[in-house]
Amino acid sequence: MRLFFMAIMLTAAAVGEAQEKKTEFTPEIHGTVRSKYEYQTEEGEGRFEVRNARISITGKVIDAVSYKAEIDLSDEGNIKMLDAYTRLTPVENLNFTIGQFRVPFTIDAHRSPHQQYFANRSFIAKQVGNVRDVGASLGYKVKGKVPVILEGGLFNGSGLTNQKNYWTKKINFSAKAQVFLPQGFNVTLSTQKISPADNSVMMYDAGTYWHAKGWHIEAEYLYKHYSNNVFEDVHSFDGFINYDIQTKNKACFIKKVSPLVRYDFMNDHSDGTSINEDGTFNVTDYKRHRVTAGVTLSLATPFVSDIRLNFEKYFYRDGAIAKPSEKDKIVLEFMTRF
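All of the points below concern the structure found in this document. (Residues numbered from 1 in each chain as written. Predicted model: local features only at pLDDT ≥ 70, side-chain atom pairs only at ≥ 80, totals over all residues. Heavy atoms only, no water.)

1. With respect to the overall build of the protein
Then, in step 1: For the protein, the helix and strand inventory stands at 2 helices and 17 strands.
Then, in step 2: The dimensions of the protein, computed from C-alpha atoms along their principal axes, are 90 × 60 × 40 Å.
Then, in step 3: Looking at the protein as a whole, 39% of its 338 residues qualify as buried.
Then, in step 4: Of the roughly 18400 Å² that the protein leaves accessible, carbon and sulfur atoms contribute 62%.
Then, in step 5: With 42 positive and 39 negative side-chain charges, the protein shows a spacing of 6 Å between the two charge centroids. (Helix = DSSP H or I, 4+ residues; strand = E, 2+ residues; numbered from the N terminus. Buried < 20%, exposed > 50% of the residue type's maximum accessible area, 1.4 Å probe, protein only. Areas by Shrake-Rupley, 256 points an atom, 1.4 Å probe, with all protein chains shown as cover. Lys, Arg positive; Asp, Glu negative; His and termini not counted. Charge placed at Lys NZ, Arg CZ, Asp CG, Glu CD.)

2. Focus: the nonpolar core
Then, in step 1: The biggest cluster of nonpolar side chains holds 20 residues, and the ones touching the most others in it are Met 203, Leu 222 and Tyr 226.
Then, in step 2: When residues of this core are traced back to their parent elements, those giving at least two are α2 (123–128), β10 (201–212) and β11 (215–226).
Then, in step 3: Looking at this core element by element, the count peaks at 3 residues for α2.
Then, in step 4: Beyond its immediate chain neighbours, meaning those up to four positions away, Tyr 226 contacts Ser 200, Val 201, Phe 231, Glu 232, Asp 233, Val 234, His 269, Ser 270 and Phe 281. (Core = buried A, V, L, I, M, F, W, Y, C linked by side-chain atoms within 4.5 Å. Contact = heavy atoms within 4.5 Å.)

3. What to know about the packing of aromatic side chains
Then, in step 1: Tallied over the entire structure, the rule returns 12 aromatic pairs.
Then, in step 2: Centroid distance Tyr 226 to Phe 281: 6.1 Å. Interplanar angle 85°. Geometry classified as edge-to-face. With Tyr 226 in strand β11 and Phe 281 in the loop between β14 (256–266) and β15 (288–300), this residue pair connects regions lying 55 residues apart in the sequence. Across this residue pair, the class does not change: Tyr 226 and Phe 281 are buried.
Then, in step 3: Ring geometry for Tyr 314 and Tyr 316: centres 5.9 Å apart, planes at 15°, overall stacked.
Then, in step 4: Among the residues examined, Tyr 316 registers a relative accessible area of 24% and is labelled partly exposed.
Then, in step 5: Aromatic rings pair up to connect Tyr 85, Phe 101 and Phe 155 into one cluster.
Then, in step 6: For the cation-ring pair, Arg 262 lies above Phe 118, with the distance from its terminal atom to the ring centre recorded as 4.3 Å.
Then, in step 7: When the ring centre of Phe 315 is taken as origin, the NZ or CZ atom of Lys 313, which lies over that ring, is 5.9 Å away. (Phe/Tyr/Trp six-rings, centres within 6.5 Å; stacked < 30°, edge-to-face > 60°. Lys NZ or Arg CZ within 6 Å of the ring centre and 35° of its normal.)

4. Quick word on the pairing of strand β9 (residues 185–194)
Then, in step 1: With respect to burial, β9 is a largely interior element, 7 of its 10 residues being buried.
Then, in step 2: Here 7 bridges tie strand β8 (residues 172–180) to β9, and the two strands are oriented antiparallel to one another. Bridging from a neighbouring strand, Gln 178 pairs with Thr 188 of β9.
Then, in step 3: The hairpin turn running from β8 into β9, its antiparallel successor, is 4 residues long, and Gln 183 in that turn takes a positive phi close to 65°.
Then, in step 4: Sheet topology places β9 next to β10; 10 bridges connect them, and they run antiparallel. Residue Thr 191 lies in a different strand from β10, and its bridge partner there is Tyr 204.
Then, in step 5: Where β9 folds back onto β10 in an antiparallel hairpin, the turn is made up of 6 residues, including Ala 197, whose phi is positive at roughly 50°. (Pairing = 2+ DSSP bridges.)

5. Structural notes on the environment of Ser 195
Then, in step 1: As for its placement among the helices and strands, Ser 195 is situated in the loop between β9 and β10.
Then, in step 2: Separated by 133 residues in the primary sequence, Ser 195 and Asp 328 place their C-alpha atoms 33 Å from one another.

6. What about the pattern of salt bridges?
Then, in step 1: Inspection of the entire model under this criterion finds 26 salt bridges.
Then, in step 2: With its nearest N and O atoms 2.7 Å apart, the salt bridge here joins Arg 290 to Asp 264. Taken together, the residues Arg 290 in strand β15 and Asp 264 in strand β14 connect sequence positions 26 residues apart.
Then, in step 3: Using a relative accessible area of 2% as the deciding quantity, one classes Arg 290 as buried.
Then, in step 4: What you see here is one network of salt bridges that share partners, running through Arg 54, Lys 68, Glu 70, Asp 72, Asp 83 and Arg 132. (Salt bridge = Lys/Arg side-chain N within 4 Å of Asp/Glu carboxyl O.)

7. Some remarks on the environment of Val 142
Then, in step 1: Structurally, Val 142 is set in strand β6 (residues 132–142).
Then, in step 2: Overall, the relative accessible area of 34% leaves Val 142 in the partly exposed class.
Then, in step 3: Distance from Val 142 to Asn 93, taken between C-alpha atoms, is 7.3 Å for residues 49 residues apart in sequence.
Then, in step 4: Excluding its chain neighbours within four sequence positions, the residues that come into contact with Val 142 are Pro 147 and Val 148.

8. What about the pairing of strand β2 (residues 45–62)?
Regular strands place their side chains on alternate faces of the sheet.
Then, in step 1: Sheet topology note: the strand β1 (residues 28–40)/β2 ladder contains 13 bridges and is antiparallel. When the sheet's bridge partners are listed, Ser 35 is paired in β2 with Val 50.
Then, in step 2: Between β1 and β2, which pair antiparallel one after the other, the connecting turn spans 4 residues, and Gly 44 there sits at a positive phi close to 70°.
Then, in step 3: Pairing geometry for β2 and strand β3 (residues 65–75), over 8 bridges, is antiparallel. Its bridge partner being in β3, Lys 60 is matched across the sheet by Ser 66.

Structural data, given as structure tokens:
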């Protein structure tokens, strides 16, 4: 009888262990929905828009192998496959990633939509330093009193949609180092090479932030150099301050109120898609300054359900042509992460 009960207990333990492992390797489904209303103050025109409707699946097949697949059903009205990669972690703190993903570069451009502080991205994150590509990267974490994350990779330079018949002798690369200093300080340095229209473009980025005591203060500078004088060098800056005020009333559905302000700048910029007969690049984004001020109401924290109210004021250089969606405007955005 004792052997019988012991057998039952051992069987139950084995089943429990199997269920625990099954749960550990069960895929996780996440999503982000961002819907907003924008009103352009000068034109007196407004619009509703679903800016993002992202769905992602992440998980592990074994402890050393993880994966992610993410698609956006409404990236400014288009369906886009964003992340699709396998990640190997052969030893602790070291990982190898191969597939399609955002390259390791900058601070602000690397934020997912639910992690953004403002309704619309900075110029660095949207125009100058926004790159997602196909390739492979290595990452290593150095633990200690001053943790460091090192990342570097090689990429096609083909973007997300031109992969099947894309062959190249050029190597595009990206490298990034994040240093986490005491008291909530961070310093991030990164560099990247891309090759639009058979030309080389080098980008260098330096950023820092302080995140503590309810404050997030951040500044970032990006320098972009074009080979063969096909376009003037680009300078871009992004700096902002955010302060979190926790609500003390537990019955209130608003958990946090965050006033924030941002200044960002870029001079004339080209992404290399519009080329003159002599091989030089045309301007795709004109020089401008922008001041953004607003408040974020967080219904659940962190970055789970936010209401973002922003006002954006643009200052263009003489002769610049403003794109339809990049003029003075009020933005009311609802972001939900699940």
